[in-house]
Amino acid sequence: MKKILFVSLTICMIAHPCYAQNYRVARVEKTRILVDSKFDSDGGNSTASFLVPYKHSVDSIMSPLVGRIECSADINKPESRMTNLMADIMVWAGELYGEKVDVGVYNIGGIRSTMAAGDVTYGDVMAVSPFENRICFLSMTGEVLNELFSQMAFTGGECVSQGVKLVFTKEGKLKSASLNGKPIDPARKYRIATIDFLAQGNDKMYAFKKKTDYVNFDDAANNAREIIAKYFTYMKEHGIKVEPKVEGRVVVE
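The structure displayed is predicted, hence computed values, not measured ones.

A. Representation of the sheet that holds strand S11 (residues 250-252) within the structure. Read across the open sheet, the four strands follow the order S8-S7-S6-S11; overall the sheet is mixed. Both outer strands of the open sheet, strand S8 (182-183) and S11, are each paired with one neighbouring strand and no more. Bridging between strand S6 (residues 164-168) and strand S7 (residues 174-179) involves five bridges; their strand directions are antiparallel. Following the sheet pairing, Val-167 is matched in S7 by Ser-176.

If you want it as structure tokens, here you go:
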């Protein structure tokens, strides 16, 4: 019945285009919803019953604890706890590969979930990074790095690691960029840790196409979510608290 109604309405709108012309999109808004325990309050519905046979297999993959986060981590532009955390994880991972990384970069669009304070499971990590993006390392001159930061200014901000300080104008222009208190040197070569998706110049970060000394990996062990899980496990085993902060890495003036 629903299919018939849909077709009827479609034919009606084609035959009478004035119906469609009476409507205009006035505003588009978006938000991220943290899916936590409050969404599981009704455990006896038919959907839950249908999933019972599959629950054990899914739980065996998703339920193992990998670590803990001490505060909730949201996702906002130009800077937030979650965006800072993801970029810092890229830098941290450099040591696993024998890389000395200057800057970690991640895209906000690639972070698909916030994190609630408390234990972190592999399922939580999967929710954050469900894609098959793999960590990679590359070099770019300071001139190209400033191009990259300018492109971030145009989009309103992306994820950059600790030590980076970017100042954007309200018009989406890069006003200044520095690393560890020093302006980006146009002639110096910087080592960047990111994901292969961005390294190809995607998500409007076109400057990555000018990369050099590119090192990437094929197998799934180098997937971003595996790196994130390793980070939390390492922090837990070494008694280091994960407490991402908003600290003025990216500001708009």
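B. Looking closely at the pairing of S7. Hairpin connection of S6 to S7: five residues between the antiparallel strands, including Gly-172 at a positive phi of 80°. Pairing between S7 and S8: two bridges, direction antiparallel. Residue pairing across strands places Leu-179 opposite Lys-182, the latter belonging to S8. In this structure, the hairpin formed by S7 and S8 is closed by a connection of two residues, where Asn-180 is found at a positive phi of approximately 55°.

C. Summary view of the packing of aromatic side chains. In total, this model carries six aromatic pairs according to the counting rule given. For the pair Phe-137 and Phe-217, a centre-to-centre distance of 6.4 Å together with 85° between the ring planes defines the contact as edge-to-face. Taken together, the positions of Phe-137 in strand S4 (residues 135-141) and Phe-217 in the loop between strand S10 (212-215) and helix H8 (224-237) put the pair 80 residues apart, joining distant regions of the chain. Phe-137 gets classed as buried once you look at its relative accessible area, which sits at 0%. Members of the aromatic cluster, connected to one another through ring pairs, are Trp-92, Tyr-231, Phe-232 and Tyr-234.

D. View of the side chain of Asn-84. Structurally, the position occupied by Asn-84 is in helix H4 (residues 81-93). Asn-84 sits in the buried class, given a relative accessible area of 3%. If sequence neighbours within four positions are ignored, Asn-84 has contacts with Glu-79, Val-160, Lys-245, Val-246, Glu-247 and Arg-249.

E. Seen up close, a nonpolar patch on the surface. Nonpolar side chains collect at one region of the surface, where Phe-50, Leu-51 and Tyr-54 lie side by side and expose about 350 Å² of accessible area between them. Among the structural elements, Phe-50 can be located in helix H3 (residues 46-62).

F. Summary view of the sheet that holds S4. The strand order S5-S2-S9-S4-S10 describes an open sheet built from five strands, whose pairing is mixed. Each of the sheet's edge strands pairs with one partner strand only, and the pair in question is strand S5 (159-160) and S10. Of the strand pairs in this sheet, S4 and S10 are connected by two bridges, and their pairing is antiparallel. Along S10, the bridge assignment pairs Ser-139 with Thr-212. Along the sheet, helix H6 (residues 142-155) contacts strand S2 (103-106), S4, S5 and strand S9 (189-195); its crossing angle with S4, the most-contacted strand, is approximately 115°.

How each quantity is defined
- Residues numbered from 1 in each chain as written.
- Predicted model: local features only at pLDDT ≥ 70, side-chain atom pairs only at ≥ 80, totals over all residues.
- Heavy atoms only, no water.
- Pairing = 2+ DSSP bridges.
- Helix = DSSP H or I, 4+ residues; strand = E, 2+ residues; numbered from the N terminus.
- Phe/Tyr/Trp six-rings, centres within 6.5 Å; stacked < 30°, edge-to-face > 60°.
- Buried < 20%, exposed > 50% of the residue type's maximum accessible area, 1.4 Å probe, protein only.
- Contact = heavy atoms within 4.5 Å.
- Patch = residues over 30% accessible without salt bridge, like charges linked within 9 Å, V, L, I, M, F, W, Y side chains within 5 Å.
- Areas by Shrake-Rupley, 256 points an atom, 1.4 Å probe, with all protein chains shown as cover.
- Salt bridge = Lys/Arg side-chain N within 4 Å of Asp/Glu carboxyl O.
- Axes fitted to C-alpha atoms, helices over the stretch in contact; angles between N-to-C directions.

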